[in-house]
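Chain by chain, the residues run as shown.
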Amino acid sequence: MDGSAPEFNAIQISCLSEMANIGVGHAATAIAQMTSKPFHMSVPTVRSVELEAIPLMVGAVEELTVGIYMPVDGDVPGHMAFLFPWKSAQAFWRLLVGQAPESPEQIGELEASVMLEVGNIMNSSFLNAISEMCGLPIHATPPLLAVEMAAAILQTIVLEATATDSHALSIETKVSCEEEHAEGYFLFIPTSGGLKRLFASLGLPEVA
Amino acid sequence: MVATQLLVGMAEIQVAKEGPLFVCLGLGSCIGLAAYDPVAKVAGMVHVMLPAAFADKPVDKPGKFADTGVPSLIEQMARLGASRSRILVAMAGGAQVFNFGSGGAGRLDIGRRNADAVEAQIQALGLRCLGKDVGGNQGRTMTFDSGSGLIKVRTVTSMERALCNLKGS
């Protein structure tokens, strides 16, 4: 199992993209309601990747980034993350609490909990949509927050994922609000075991 | 002359005759370990992800784990003529970057365990460690200029600073 990519066929992958697309639609609606601003999420990209490649997938690997990580439990476990470049995170804070910290040292309990809540709402909306479509229980666990280099944040998430897999189907999308010049990067890495259960629940057979 | 840059990605091991600039980008809980034999002029770096290989799975990449990555780095350097007794090392990383959230501090403590595991390997192999910058909450980018021997570490909030020099000067 380790060392080679789990095999998923084109039908399974396009089905996953479609489900993810509906999921991110729900997440975009949730964030729009929370902020009263129009948010757009691009059609998710589903890629088969080696986990170690993930930290370098975001362009600005050393840029100061706010990252919210939520381990996912249930029948389709995995790892879910939201990353915002610092300037976009500041836009979120201004929208939600009226002002933004100028530097990471100024992040207090209020700023941290607001950001955790943003992650919570977006991730839960995404997961609920997926859970309803496949009829499997999937739930997010309490979020964690980091304000760091993008690569360092993703690396830590990859380490958690490495406990079960060495390859993954990563589901990525961009979140943006033009009006506020805010954008973010959403990532979901289901475990390969979870994906198998997901596809089985939809009646999609394993590759011969 | 600008040195060739060797990017050492997660779980990778790179070795070379002195000259290139080795880089571990954005080390979170991972550890970057730089090594150098000043006599043979052989340099190397490993980007360790986890303390020890899984008991129930084959090791797909030796550089992934401290207990396989450090010995493998030294062995690959030895193939280029390095001698273990002369090798000098420096390490950085092992942070805990997720510091907000419920139970945050205790939940992902892999960074500390990584640092301990790499140090245990350094001791077991009898390597001399000239510098270390581990722990805390900050992600780090570590560079090793094998031409000058200089090891530098930078974070998102601090300027790049010199950690040590593996050429001893």
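Here's what I pulled together on the structure shown here. This one's a predicted model, so the numbers in the text were calculated from it and none came from an experiment.

### Here we look at the pairing of strand β4 (residues 31-37) of chain B
With 7 of its 7 residues buried, β4(B) lies for the most part within the structure. Following β4(B), the chain reverses through 4 residues before pairing antiparallel with strand β5 (residues 42-48) of chain B; Lys41(B) in that reversal takes a positive phi of roughly 55°.

### With respect to the sheet that holds strand β10 (residues 150-154) of chain B
Across a sheet, paired strands are connected by hydrogen bonds in the backbone, their directions being either parallel or antiparallel. Residue and element names in this part refer to chain B. Strand order in the open sheet formed by 5 strands is β1-β3-β9-β10-β11, and the pairing between neighbours is mixed. Edge positions in the sheet fall to β1 (5-7) and β11 (161-165), since each has one partner strand and no second. Averaged over all adjacent pairs, the angle separating strand axes in this sheet is 25°, with direction ignored. Judged from the 5 bridges that link them, strand β3 (residues 21-27) and strand β9 (residues 140-145) form a sheet pairing that is antiparallel. Following the sheet pairing, Val-23 is matched in β9 by Thr-143.

### A look at the layout of surface pockets
Residue and element names in this part refer to chain A. Taken as a whole, the largest pocket spans an internal volume of roughly 310 Å³. Lining the largest pocket are 19 residues, with Val-58, Gly-59, Pro-85, Lys-174 and Tyr-185 positioned closest to its centre. At the level of elements, β2 (45-50), β4 (78-85), β7 (167-177) and β8 (182-190) are the ones that each hand at least two residues to the lining of the largest pocket. Partitioning the lining of the largest pocket into residue classes produces 8 nonpolar, 6 polar and 5 charged.

### Let's talk about the state of the cysteines
Under the counting rule described, the total for this entry stands at 0 disulfides over all chains. Take Cys30(B): it sits in no disulfide, and the sulfur closest to it among the cysteines is that of Cys24(B), at 8.4 Å.

### A word on helix α2 (residues 86-97) of chain A
All names here are of chain A. Helix length check: α2, at 12 residues, gives a terminal C-alpha distance of 16 Å against a target of 16 Å (1.5 Å per residue), a fit within 8%. Of all the residues in α2, the buried ones are Trp-86, Ser-88, Ala-89, Gln-90, Ala-91, Phe-92 and Trp-93. Buried residues along α2 sit in contact with α1 (10-35), β3 (64-74), β4, α3 (109-134), β6 (144-149) and β8. Just past α2, the residue Gly-98 takes up positive phi, approximately 90°.

### Topic: helix α1 (residues 66-79) of chain B
Counting along an α-helix, one turn takes 3.6 residues, and residues three or four places apart therefore face a common direction. All names here are of chain B. The end-to-end C-alpha distance of α1 is 20 Å, a good match for the 20 Å that 14 residues give at a rise of 1.5 Å each. Every buried residue belonging to α1 is among Ala-66, Gly-69, Val-70, Ser-72, Leu-73, Ile-74 and Met-77, and all of these are buried. Buried residues along α1 sit in contact with β2 (13-17), β4, β5 and α3 (110-124). Looking one or two residues beyond α1, the residue adopting positive phi is Gly-81, at roughly 110°.

### A closer look at the sheet that holds strand β6 (residues 88-93) of chain B
Residue and element names in this part refer to chain B. Across the sheet, 5 strands lie side by side as β2-β5-β4-β6-β8; this open sheet has mixed pairing. Edge positions in the sheet fall to β2 and β8 (128-134), since each has one partner strand and no second. For this sheet, the mean angle separating the axes of adjacent strands, direction not counted, is 10°. Pairing between β6 and β8: 6 bridges, direction parallel. By the bridge assignment for β8, Ala-90 is matched with Gly-131.

Quick notes on the rules
Residues numbered from 1 in each chain as written. Chains lettered and ligands numbered in written order. Predicted model: local features only at pLDDT ≥ 70, side-chain atom pairs only at ≥ 80, totals over all residues. Heavy atoms only, no water. Buried < 20%, exposed > 50% of the residue type's maximum accessible area, 1.4 Å probe, protein only. Helix = DSSP H or I, 4+ residues; strand = E, 2+ residues; numbered from the N terminus. Pairing = 2+ DSSP bridges. Axes fitted to C-alpha atoms, helices over the stretch in contact; angles between N-to-C directions. 1 Å grid on protein atoms, 1.4 Å probe; cavity = no way out; pocket = protein on both sides within 12 Å on 5 of 7 lines; lining within 4 Å. Points joined across faces, edges and corners; volume = space filled by probe spheres on them. Nonpolar A, V, L, I, M, F, W, Y, C, P; charged D, E, K, R; others polar. Disulfide = S-S within 2.5 Å. Expected span 1.5 Å × (residues − 1). Contact = heavy atoms within 4.5 Å.

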